[in-house]
Amino acid sequence: MSAGVRTYLEIMRYGNCLMAGFAAVIGTLIAFNILASNAPSAYSPEKFPLFFSGLIFLAVFFIAGAGNTINDYFDIRIDSINRPERPIPSGRIKLKEALYFSYILFALGAILAFSINQICGFIALFNSLLLIFYAKTLKSTPFLGNLSIGYLTGSSFLFGASIFGFEGLKALFVLFLLAALAITAREIVKDIEDMEGDKLEGADTLPLRVGAKKASYLAVLIGFLAVFLSPLPYRMSVLGIRYLYLVLLADLGFLAAIYQILARNNPTKSSKMFKIAMFFALIAFIAGV
């Protein structure tokens, strides 16, 4: 019996896909606002590319879902032990079905992206290949795996801005950088949190390679860099004064996360604080438009 729609949505982790698509549309909104401040006649409100924003959302939704699906495909052995309820180990989706489904999603996302413009298309293609490479190889590569997730998450903003070509990418680059730094720091902290389980599974993560203390120092350094650079969108006139006020809350959250990992040696609490801080950072991005 073939898998139902719910099962396919489950293997895609559709909630995460919705958030990624939403982040891309936020990127479109912010880029449009920045470009409109420089050329009001060319980017008047009625000229907002609503149709293309919908395509961007769907492209990101499909590609993120494809990445999650192929990740489950390569993680079948580990998930059979740790997450037997997942669609593949539970038998609700066959291994080959999951692989073909991910290819279909990658293809749909890339086609939609290329229908917008070539820059959107090339970002979609690059991210698709990186997601496959991550699931197969980079996931078990110390630091490069963390860096890949940081880039892929932050690139949602770039993807949304790419509707407007290179000008859009230039306008959103600083937001991409801040998001990528914050996500990379949290990914390292999550690896510290998961050290015991990863060791039993034979994983090769940064904390297992260099030790929890050295890995935490790197996470702290990257986290501090994100906090230090956080005023840049305001100083560069990318976002308004409301961003500056709200990003202070995000910065306090990042500092609390740094304190938990550095002084308290509590990666679980630190990871949660990073997540809360990133939520406030996203609100700050929206408010600053």
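Sequence order as written defines the numbering, with residues in each chain counted from 1. Note on the predicted model: pLDDT of at least 70 is required for a residue's local features to be given, and 80 or more for side-chain atom pairs to be given and counted; whole-chain, interface and lining totals, by contrast, use all residues. By convention in this description, side-chain values take in all heavy atoms of the structure and omit both hydrogens and water.

Examining the environment of Lys 94
Step number 1: What counts as a helix is a DSSP run of H or I of at least four residues, what counts as a strand is a run of E of at least two, and both are numbered from the N terminus. As for its placement among the helices and strands, Lys 94 is situated in the loop between α4 (76-82) and α5 (95-116).
Step number 2: Residues Lys 94 and Phe 166, spaced 72 residues apart in sequence, show a C-alpha to C-alpha distance of 41 Å.

Let's talk about the state of the cysteines
Step number 1: In plain terms, two cysteine sulfur atoms within 2.5 Å form what is called a disulfide here. Here the structure, examined in full by the defined rule, presents 0 disulfides.
Step number 2: We note that Cys 17 lacks a disulfide partner, and the nearest cysteine sulfur, in Cys 120, lies 18 Å from it.
Step number 3: Overall, Cys 17 belongs to the buried group, its relative accessible area being 0%. For every residue, the accessible area (1.4 Å probe, protein chains only) is compared with the maximum for its type, and the residue is labelled buried under 20%, exposed over 50%, or partly exposed between those bounds.

What to know about the pattern of salt bridges
Side-chain pairs of opposite charge can arise where the charged atoms are in close proximity.
Step number 1: We define a salt bridge as a side-chain nitrogen of Lys or Arg found within 4 Å of a carboxyl oxygen belonging to Asp or Glu. Under the counting rule described, the total for this entry stands at 6 salt bridges.
Step number 2: When the shortest N-O distance is used, the salt bridge between Lys 139 and Asp 75 registers 2.2 Å. With Lys 139 in the loop between α6 (118-136) and α7 (144-161) and Asp 75 in the loop between α3 (50-74) and α4, this residue pair connects regions lying 64 residues apart in the sequence.
Step number 3: What makes Lys 139 partly exposed here is its relative accessible area of 34%.
Step number 4: A single network of salt bridges, built from pairs that share partners, joins Arg 13, Asp 72 and Arg 86.

Considering a nonpolar patch on the surface
Step number 1: Exposure above 30% relative accessible area and no salt bridge define the residues that can form patches, which grow by joining like charges within 9 Å and nonpolar side chains of Val, Leu, Ile, Met, Phe, Trp and Tyr within 5 Å. Here, Shrake-Rupley sampling with a 1.4 Å probe gives the accessible areas, and only protein chains in the shown set may cover a residue. Taken together, the side chains of Met 19, Phe 22, Phe 279, Ile 283 and Ile 286 define a hydrophobic patch exposed on the protein surface, amounting to about 460 Å² of accessible area.
Step number 2: Broken down by secondary-structure element, the contributors of at least two residues to the nonpolar patch are α2 (14-38) and α14 (267-287).
Step number 3: With 3 residues, the single largest contributor to the nonpolar patch is α14.
Step number 4: Tracing the backbone through its elements, the reader meets Ile 283 in helix α14.

Topic: the packing of aromatic side chains
Step number 1: Note on aromatic pairs: the rings of Phe, Tyr and Trp (six-membered ring only in Trp) are paired at centre separations within 6.5 Å, and the planes decide the class, stacked below 30 degrees, edge-to-face beyond 60, tilted for the rest. Taken as a whole, this structure holds 15 aromatic pairs when the rule is applied.
Step number 2: Summarising the aromatic geometry, the rings of Phe 57 and Phe 61 are spaced 6.3 Å apart at their centres and angled 20° between planes, so their arrangement reads as stacked. Here Phe 57 pairs with Phe 61, and both are found in helix α3, just 4 residues apart, close to one helical turn.
Step number 3: On the basis of relative accessibility, which here comes to 24%, the residue Phe 57 falls in the partly exposed class.
Step number 4: When the centroid spacing of 6.0 Å and the interplanar angle of 20° are considered together, the rings of Tyr 243 and Phe 285 count as stacked. With a gap of 42 residues between them, Tyr 243 in helix α13 (residues 241-262) and Phe 285 in helix α14 connect regions that are remote in the sequence.

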